[in-house]
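# Observations on the three-dimensional arrangement
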Amino acid sequence: MEQIAALLAKISPTIALPGREPLAYAIFCAMQLFERTPPPETVRVTEMVYAPAARMLGKDVSTVVKASARALKCCWLDGQNQRLNAVIGAELPLCPTVKEFVLCCAYYLTFKVPYYKSMSSIVF
């Protein structure tokens with residue numbers, strides 16, 4: 001959880017505390033999935049990420065999603081999206097969805113490389 005907190009502080013030092021905790025738990029649950037090696041595209045986020053995070057926090061799934069969305073909005077506005085782009089690995093013209101953000105942060109922390117940069121290096 002310490003590395004998640006450090007990443008969120010790097011992206012946006014002003015995330016309101018109520019939104020930071022659910023977002024951090026969602027990223028933590030996604031990281032646990034990646035350690036078991038499912039590809040990000042196969043993750044059913046509500047069932048496999050938000051539900052376990054909600055159980056850990058003793059909250060409803062919708063509460064975790066809404067709080068995470070508020071925290072993401074702060075990340076997007078606070079970092080002028082440059083810090084966020086570095087973690088995601090692409091220049092995003094629009095704010096990512098909470099699902100994209102959670103999965104990209106978890107991927108970045110698990111594999112130490114931005115998701116979109118790793119996908120662009122794959123040759124078919």
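Quick note: structure is the one above.
First, a word on what this report is: a plain description of the structure on this page.

Reading the values: rules and limits
- Residues numbered from 1 in each chain as written.
- Predicted model: local features only at pLDDT ≥ 70, side-chain atom pairs only at ≥ 80, totals over all residues.
- Heavy atoms only, no water.
- Core = buried A, V, L, I, M, F, W, Y, C linked by side-chain atoms within 4.5 Å.
- Buried < 20%, exposed > 50% of the residue type's maximum accessible area, 1.4 Å probe, protein only.
- Contact = heavy atoms within 4.5 Å.
- Phe/Tyr/Trp six-rings, centres within 6.5 Å; stacked < 30°, edge-to-face > 60°.
- Helix = DSSP H or I, 4+ residues; strand = E, 2+ residues; numbered from the N terminus.
- Disulfide = S-S within 2.5 Å.
- Axes fitted to C-alpha atoms, helices over the stretch in contact; angles between N-to-C directions.
- Parallel < 35°, antiparallel > 145°, perpendicular 65-115°, else oblique.
- Nonpolar A, V, L, I, M, F, W, Y, C, P; charged D, E, K, R; others polar.

### Observations concerning the nonpolar core
In terms of nonpolar packing, the biggest core is built from 39 residues, with Ile11, Ile27, Val49, Tyr50, Phe101 and Val102 touching the most fellow members. In contact with Phe101, not counting residues within four places along its chain, are Leu8, Ile11, Leu23, Ile27, Leu72, Cys75, Leu84 and Pro96.

### What about the packing of aromatic side chains?
Going through the model one piece at a time under the given rule, you end up with five aromatic pairs. Measuring from ring centre to ring centre gives 6.0 Å for Phe34 and Tyr107, while their planes differ by 80°; the resulting arrangement is edge-to-face. Of the two residues, Phe34 sits in helix H2 (residues 17–35) while Tyr107 sits in helix H6 (residues 98–111), which places them 73 residues apart along the sequence. The same class applies to Phe34 as to Tyr107, namely buried. Measuring from ring centre to ring centre gives 6.2 Å for Phe34 and Phe111, while their planes differ by 40°; the resulting arrangement is tilted.

### Thoughts on the state of the cysteines
According to the stated counting rule, one finds zero disulfides in the structure shown. Here Cys75 stays free of any disulfide, with the sulfur of Cys74 as its closest cysteine sulfur at 7.2 Å. According to the relative accessible area criterion, Cys75 is buried, its value standing at 0%. No disulfide involves Cys104; its sulfur sits 7.2 Å from the nearest other cysteine sulfur, which is in Cys105. The exposure class assigned to Cys104 is buried, which follows from its relative accessible area of 5%.

### Observations concerning the packing of helix H3 (residues 45–57) against H6
Where H3 contacts H6, the two axes come as close as 12 Å, and the packing angle between them is 75°. Judged by the angle between their axes, H3 and H6 are roughly perpendicular. Residues Val45, Val49 and Tyr50 of H3 touch H6, and the partners they reach there are Val98, Lys99, Val102 and Leu103. Class assignment for the residues of the contact of H3 with H6 results in six nonpolar, no polar and one charged.

### Examining the side chain of Ser12
As for its placement among the helices and strands, Ser12 is situated in the loop between helix H1 (2–11) and H2. Leave out the neighbours within four places in its chain, and Ser12 touches Arg20, Cys74, Cys75, Asp78 and Arg83.

### Here we look at the packing of H3 against helix H4 (residues 61–78)
Packing of H3 against H4 leaves a shortest axis separation of 8 Å and a crossing angle of 100°. Classed by the angle they form, the pair H3 and H4 counts as roughly perpendicular. Between H3, through Thr46, Tyr50, Ala51, Ala53, Ala54 and Leu57, and H4, the contact on the second element is made entirely by Val61, Val64 and Val65.

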